[in-house]
Amino acid sequence: MIKDRGNIKWGAMMMPEHLDFLKEYKNDFTVQQRELTEWELEDIQQTIEQAYNQLLEVKLDVWAAGKTTQWTGIIKSINLNTNELILDSLLKTKHIPIHSIQSAHLDADYYD
């Protein structure tokens, strides 16, 4: 069986200038936060309100530091003074800024 070493095998053939350029390019390439439409914001708001009022498990896609992370848990509270949501997951309690939420979905078991 052939073991492929990925990008490591090409490192010896590149000049140091090329490696520096590739590192700069990788650092400059960051994903910008997606601008949500009014419909998407309304859908997120309704899903969060339903999950909070009925103590349902919700899945949130949260944008932070150039990438999207998924958190699953029950919403303990919504703090409008600091614009953050307190999500209680199995392992820890997470404070999530409301403006960084990209999508919200109720757990599939709710619809069954």
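Scroll up a little and you will see the structure.
Residues numbered from 1 in each chain as written. Predicted model: local features only at pLDDT ≥ 70, side-chain atom pairs only at ≥ 80, totals over all residues. Heavy atoms only, no water.

A. Examining the sheet that holds strand β4 (residues 93-97) more closely. Pairing is antiparallel in the open sheet, where five strands are placed in the order β4-β3-β2-β1-β5. The outermost strands of the open sheet, each flanked by one partner alone, are β4 and β5 (101-106). This sheet shows a mean twist of 45 degrees between the axes of neighbouring strands, independent of strand direction. Examined bridge by bridge, strand β3 (residues 84-88) and β4 share five bridges and lie antiparallel to one another. Opposite Leu-87, over in β4, you have Lys-94 as the bridge partner. Relative to β5, helix α3 (residues 38-54) is tilted by about 50 degrees, and along the sheet it contacts β1 (57-64), β2 (67-79), β3 and β5. (Pairing = 2+ DSSP bridges. Helix = DSSP H or I, 4+ residues; strand = E, 2+ residues; numbered from the N terminus. Axes fitted to C-alpha atoms, helices over the stretch in contact; angles between N-to-C directions. Contact = heavy atoms within 4.5 Å.)

B. Broad picture of the nonpolar core. Core analysis: the biggest nonpolar cluster contains 15 residues, and Ile-48, Val-58, Leu-60, Ile-75 and Ile-101 have the highest contact counts within it. Only α3, β1, β3 and β5 provide two or more residues apiece to this core. (Core = buried A, V, L, I, M, F, W, Y, C linked by side-chain atoms within 4.5 Å. Buried < 20%, exposed > 50% of the residue type's maximum accessible area, 1.4 Å probe, protein only.)

C. Molecular detail of a nonpolar patch on the surface. Taken together, Met-14, Leu-19, Phe-21, Leu-22 and Tyr-25 make up a surface patch of nonpolar side chains, about 500 Å² in accessible area. With respect to the secondary-structure elements, Leu-19 resides in helix α2 (residues 16-28). Since its relative accessible area comes to 33%, Leu-19 is described here as partly exposed. (Patch = residues over 30% accessible without salt bridge, like charges linked within 9 Å, V, L, I, M, F, W, Y side chains within 5 Å. Areas by Shrake-Rupley, 256 points an atom, 1.4 Å probe, with all protein chains shown as cover. Salt bridge = Lys/Arg side-chain N within 4 Å of Asp/Glu carboxyl O.)

D. Summary view of the environment of Gln-54. Relative to the elements of secondary structure, Gln-54 occurs in helix α3. The exposure class assigned to Gln-54 is partly exposed, which follows from its relative accessible area of 42%. For the pair formed by Gln-54 and Ile-74, sequence separation is 20 residues and the distance between their alpha carbons is 9.7 Å.

E. Just the pattern of salt bridges, in detail. This model, assessed by the stated rule, comprises one salt bridge. In this structure, Arg-34 and Glu-40 form a salt bridge, with 3.2 Å as the shortest nitrogen-oxygen distance.

F. Main features of α3. Between its first and last C-alpha, α3 extends 24 Å over 17 residues, near the 24 Å set by a 1.5 Å rise per residue. Of the positions making up α3, those classed as buried are Ile-44, Thr-47, Ile-48 and Ala-51. Seen from one end, α3 has its buried residues packed into an arc of 95 degrees, which puts them on one side. Facing away from the buried side of α3, by more than 90 degrees, are the exposed residues Glu-38, Trp-39 and Asn-53. On its buried face, α3 sits against β1, β2, β3 and β5. Backbone geometry just downstream of α3 places Leu-55 in the positive-phi region, at approximately 55 degrees. (Expected span 1.5 Å × (residues − 1). Arc of directions from axis to C-beta.)

G. Representation of unusual backbone geometry within the structure. Phi at Leu-55 takes a positive value of approximately 55 degrees, unusual for a residue other than glycine. Residue position: Leu-55 is located in the loop between α3 and β1.

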